[in-house]
Amino acid sequence: MPNFTVDQIRTIMDKTDAIRSMSVIAHVDHGKSTLTDSLICKAGIISAKAAGDARYTDTRADEAERGVTIKSTGVSLYFEYDEEEGKGSEPHLINLIDSPGHVDFSSEVTAALRITDGAMVVVDCIEGCAVQTETVLRQALAERVKPCLFVNKVDRCILELQMEAEDMYSRFRAAIENVNVIIATYNDALMGDVQVDPAKGTVAFGSGLHGWGFTTERFAKIYAAKMGVEKKKMMERLWGDSFFNAKKKVWTNVQQPEGCSEPLPRAFCQFIMTPINQLMRAIMNDDKEKYEKMMGSLGIVLKGDEKALLGKPLMKRTMQIWINAADTLLAMIVTKLPSPRVAQKYRVENLYEGPMDDAAANAIRGCDPAGPLMMYVSKMVPTSDKGRFYAFGRVFSGTIATGQKVRIQGPHYKPGAKEDLNVKNIQRTVLMMGRVVEQIADVPCGNTVALVGVDQYLLKSGTLTTLEDSHNIADMKYSVSPVVKIAVKAKDGKDLPKLVEGLKKLSKSDPLVVCTTEESGEHVIAGCGELHVEICLKDLRDEYAQCDFIVSDPVVSYRETVTAASSQTCLAKSPNKHNRIYLIAEPMDEEVTKGIEDGALGPKADPKERKKLLKEKYDWDEGAATKIWCWGPETDGPNVVVDQTVAVQYLIEIKEHVNSAFQWTTKEGPLCEENMRGIRYNLMD
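The model shown is predicted, which means the values in this text are computed figures rather than measured ones.

Asker: Run through the overall build of the protein, naming residues and quoting values.
Answerer: Counting its secondary structure elements, the protein contains 21 helices and 30 strands. For the C-alpha atoms alone, the extent of the protein along its principal axes is close to 115 × 60 × 55 Å. Going through the 685 residues of the protein one by one, you find that 53% of them count as buried. Intrachain contacts of the protein at a sequence separation of at least 6 include 69% that bridge at least 24 residues. For the protein, the accessible area works out to roughly 31400 Å², and carbon and sulfur atoms hold 51% of it. Averaging the positions of the 85 positive and the 96 negative side-chain charges in the protein gives two centres separated by 3 Å.

Below, the structure written as structure tokens:
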């Protein structure tokens, strides 16, 4: 049972400085969901026994079965944390998003990063910094999200590999240095120096599965009191090249000073890793008097039936009591990651498309709950009710409430235009809690929230605002693009409407999947990897379309064109031998072709504008630019007929016939009956 109520969360939402929004990012299988469990367990949503194995944030059946996170899941957690000794504990609200690590789902990571201000990068200390670690870190820094590091799976170093403390130190250091190289490569001047460093307390070490973890800060507190030095000074000594000479009771930065027969142990090893090592190995080897003595001196007290535990369960429990992962992570999140008020000051330039001094930009920068509403919806979350979605996003300024009237602006909206704009009421606002949702009346800025009843007006993402003249919040840039395509068609003809509806819902449910209908009438689904497409098809079959369909490779549609101008003028006579047409074909510039496809140079564009563009940008001569007869195929394709004749009588009478023949020819070209593209036909004298 959670040890907090929705009312408590609602009260704390107003204190912007006590909110932290963060996502957990890492390479696949480095332990994100397992680590998230220890935080969820601390908030009392799952039991301590289940933590580590429950993977609470893997909500779907296929996620549990495959053991991979597929969709990013949001959880809002309430904690009380004591920042400085003796000040009393302050309540904090942490909006946590657990994201997938697989490269096929990196669109989910982008969506998660957009609505959070801090990121916890998890690195496996045995594998070190991997490919996907770099990708997700790059995404985080592009969104100006501040990283902190968790070095995971330390228990494996101790128990499986039986490593020495010095070897572990070099392992950890290599991992941290690799992460810092990536951060330095993609660094943003406005964020300042965001490199992670154990001496600053931005790196934690531990094991998500066993639920223990520490930062140097944690141990520095203990030792600072013992040795009578400042905590900050002690933290710097507990990492890097500093050694404690016990004989002379002095600190040095030389491993083997004069007068020592053997090298000194590194401070990190001597004061942190060795005690952990000894305790864990003593318990695993069943060395009862050794571990009971250590527990006594460390002040670890076992209660009730915990005393009867032996071996691994005892080790897990002991470590959780001594250096609890959740407490360590909590301290790091609260003290090292920025609050929305701080973060939005430097993130506003990346977030907002409009001018940086208008009302909306100032509202985002100030993060003012009483200001105008600015909210970004980053993804759609399927509800228990099939085919309907919660719009999940973050409020950047103002307060969003149930029943409020807002402007819903899709990605194609331009200020002043009506396109992609709906003004509607919000039916309900809810809080995402992993598998369940909690009703809440209103949500102020700096928080993540899910909305009911907005899903039919937005495709995947969009901006909600109450300002009439506000621009959009910028669309997300993905690090992958949908390139793996497959075609689906209904097995039974009467299921076609179901399939079409299902495809619409599918394209809503995933930030990156693209569903299109080709000219051949095929429905094509594009994803960014085989796994991604497979998951999409499974969702389509079970959830959205609920009908059988056949999956095949899509037919690739080709285009035909000419590569050089005609070598001679071609001549055609009419059946009655009285009329002759002289034609030359030549290739058009790729840019002109693109311009026609975009519509800037197409038949629907303003003739004067079009003529000016062709003349100035693409050096067509005046006559050619005014006398374009037609476009084809389908009257708006990227081929044109240009009348270059001078004073030919009755020419206009054959214009219609030429046009209709041209439409038909460009639709089925001479090579393999595919559409033609980028050809200009000149009518000559």
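Asker: Describe the pairing of strand β6 (residues 203-207), with residues and values.
Answerer: Along β6, five of the five residues are buried, which leaves the element largely enclosed by surrounding structure. Pairing analysis gives three bridges linking strand β5 (residues 146-152) to β6, with the strands arranged parallel. When the sheet's bridge partners are listed, valine 151 is paired in β6 with phenylalanine 205. For β6 and strand β7 (residues 212-214), the ladder comprises three bridges, and the chain directions are antiparallel. Following the sheet pairing, phenylalanine 205 is matched in β7 by phenylalanine 214. Between the antiparallel neighbours β6 and β7 lie four residues, among them glycine 211 with a positive phi of about 75 degrees.

Asker: Report on the sheet that holds strand β28 (residues 639-643), specifying residues and quantitative values.
Answerer: The strands making up a sheet are joined through hydrogen bonds of the backbone, oriented either antiparallel or parallel. In spatial order, the strands read β25-β26-β30-β28-β27; together these five strands make up an open sheet with mixed pairing. Two strands bound the open sheet, and with one partner strand each, they are β25 (570-573) and β27 (628-632). For this sheet, the mean inter-axis angle between neighbouring strands, taken without regard to orientation, is 25 degrees. Of the pairings in the sheet, the one linking strand β26 (residues 580-587) to strand β30 (residues 679-684) comprises six bridges and is antiparallel in character.

Asker: Now, about the sheet that holds strand β21 (residues 514-517): what can you tell me, with residues and values included?
Answerer: With antiparallel pairing, the four strands of this open sheet are ordered in space as β21-β22-β20-β23. Strand pairing shows two members of the sheet lacking a second neighbour, β21 and β23 (549-552), which therefore form its edges. The average angle at which neighbouring strand axes cross in this sheet is 30 degrees, direction not considered. Inspection of the sheet shows strand β20 (residues 484-490) paired to β23 by four bridges, in the antiparallel sense. When the bridges of β23 are listed, alanine 490 appears paired with phenylalanine 549. Together, β20, β21, β22 (523-527) and β23 form the strand contacts of helix α16 (residues 496-509), whose direction differs from that of β22 by roughly 25 degrees. The strands touched by helix α17 (residues 530-544) are β20, β22 and β23; relative to β23, the strand with the most contacts, the crossing angle is about 165 degrees.

Asker: Describe empty space enclosed by the protein, naming the residues involved and giving the relevant values.
Answerer: For the structure shown, the criterion picks out two cavities of 30 Å³ or more. Lining of the largest cavity is provided by Ser378, Lys379, Met380, Lys460, Ser461, Met476, Tyr478, Lys508, Ser509, Asp510 and Pro511. Among the secondary structure elements, those contributing two or more residues to the lining of the largest cavity are β10 (374-382) and α16. Among the elements that take part in the lining of the largest cavity, β10 stands out by supplying three residues, more than any other. Here the lining of the largest cavity is composed, by residue class, of four nonpolar, three polar and four charged. Size it by volume and the second largest cavity reaches roughly 30 Å³. For the lining of the second largest cavity, the secondary structure elements donating two or more residues are α18 (590-598) and β27. Counted by class, the lining of the second largest cavity contains nine nonpolar, no polar and no charged residues.

Asker: So what about the side chain of serine 574? Which residues, and what values?
Answerer: Of note, serine 574 is situated in the loop between β25 and β26. A polar contact of 2.7 Å, which involves the side chain of serine 574, links it to the side chain of asparagine 576.

Asker: Tell me what's going on with unusual backbone geometry, and back it up with residues and numbers.
Answerer: Even without being glycine, aspartate 286 reaches a positive phi, approximately 60 degrees. Mapping aspartate 286 onto the fold places it in the loop between α10 (267-284) and α11 (288-298). A relative accessible area of 46% means that aspartate 286 is categorised as partly exposed.

Asker: Explain the layout of surface pockets to me, using residue names and the numbers behind them.
Answerer: Taken as a whole, the largest pocket encloses approximately 690 Å³ of empty space. Lining the largest pocket are 26 residues, with Thr59, Arg60, Val381, Pro382 and Thr383 positioned closest to its centre. Residues of the lining of the largest pocket, tallied by class, amount to 10 nonpolar, seven polar and nine charged.

Asker: I'd love a proper account of the pairing of β26, names of residues and values included.
Answerer: Sheet topology places β25 next to β26; four bridges connect them, and they run antiparallel. Directly across from cysteine 570, in β26, lies its bridge partner leucine 583. Between β25 and the antiparallel strand that follows it, β26, lie six residues; lysine 577 among them carries a positive phi value of about 60 degrees.

Asker: Report on the packing of helix α7 (residues 165-185) against α10, specifying residues and quantitative values.
Answerer: The relative placement of two packed helices comes down to the angle between their axes together with the axis-to-axis distance. At a minimum axis separation of 10 Å, α7 and α10 run at an interaxial angle of 110 degrees. The orientation of α7 with respect to α10, classified from their angle, is roughly perpendicular. Between α7 and α10, the contacting residues are Ala165, Glu166, Met168, Tyr169 and Phe172 on the first element and Phe268, Cys269, Met273, Thr274 and Asn277 on the second. Here the residues of the contact of α7 with α10 are counted per class, giving seven nonpolar, two polar and one charged.

Definitions and limits used
Residue positions are given per chain, counted from 1 along the sequence in the order it is written. Local features are withheld for residues below a pLDDT of 70 in this predicted model, meaning they are given only at 70 or higher, and side-chain atom pairs are given and counted only at 80 or more; totals for whole chains, interfaces and linings count all residues. Each side-chain value is worked out from all heavy atoms of the structure, with water and hydrogens disregarded. Think of it this way: any DSSP run of H or I at least four residues long counts as a helix, any run of E at least two long counts as a strand, and we number them from the N terminus. Only protein chains enter the calculation, and the probe is 1.4 Å; a residue is then buried if its accessible area is under 20% of its type maximum, exposed if over 50%, and partly exposed in between. Residue contacts follow a heavy-atom distance rule, with two residues in contact if any of their heavy atoms lie within 4.5 Å. Here the Shrake-Rupley method, with its probe set to 1.4 Å, supplies the accessible areas, and only the displayed protein chains count as covering residues. For the purpose of charge, His is not counted, nor are the chain termini; Lys and Arg are scored as positive and Asp and Glu as negative. Charge positions come from single atoms, namely NZ of Lys, CZ of Arg, CG of Asp or CD of Glu. DSSP-based pairing: two strands are paired if at least 2 bridges between them are found. As a rule, the C-alpha atoms of each element are fitted with a line to give its axis, helices using only the stretch in contact, and angles between N-to-C directions run from 0 to 180 degrees. Only protein atoms enter the calculation, which uses a 1 Å grid: trapped sets of points that fit a 1.4 Å probe without letting it out are cavities, open sets showing protein on both sides within 12 Å along at least five of seven lines are pockets, and any residue with an atom within 4 Å of a point is a lining residue. Grid points are joined across faces, edges and corners, and a volume is the space filled by probe spheres set on the points. In this count, Pro and Cys sit with the nonpolar residues alongside Ala, Val, Leu, Ile, Met, Phe, Trp and Tyr, while Asp, Glu, Lys and Arg are called charged and the others, Gly among them, polar. Residues adjacent in sequence count toward polar contacts only when both atoms are side-chain atoms; beyond that, a polar contact is any pair of N or O atoms within 3.5 Å, and within protein one must be able to donate a hydrogen and the other to accept it. For classification purposes, angles smaller than 35 degrees are called roughly parallel, those larger than 145 roughly antiparallel, those between 65 and 115 roughly perpendicular, and all remaining angles oblique.

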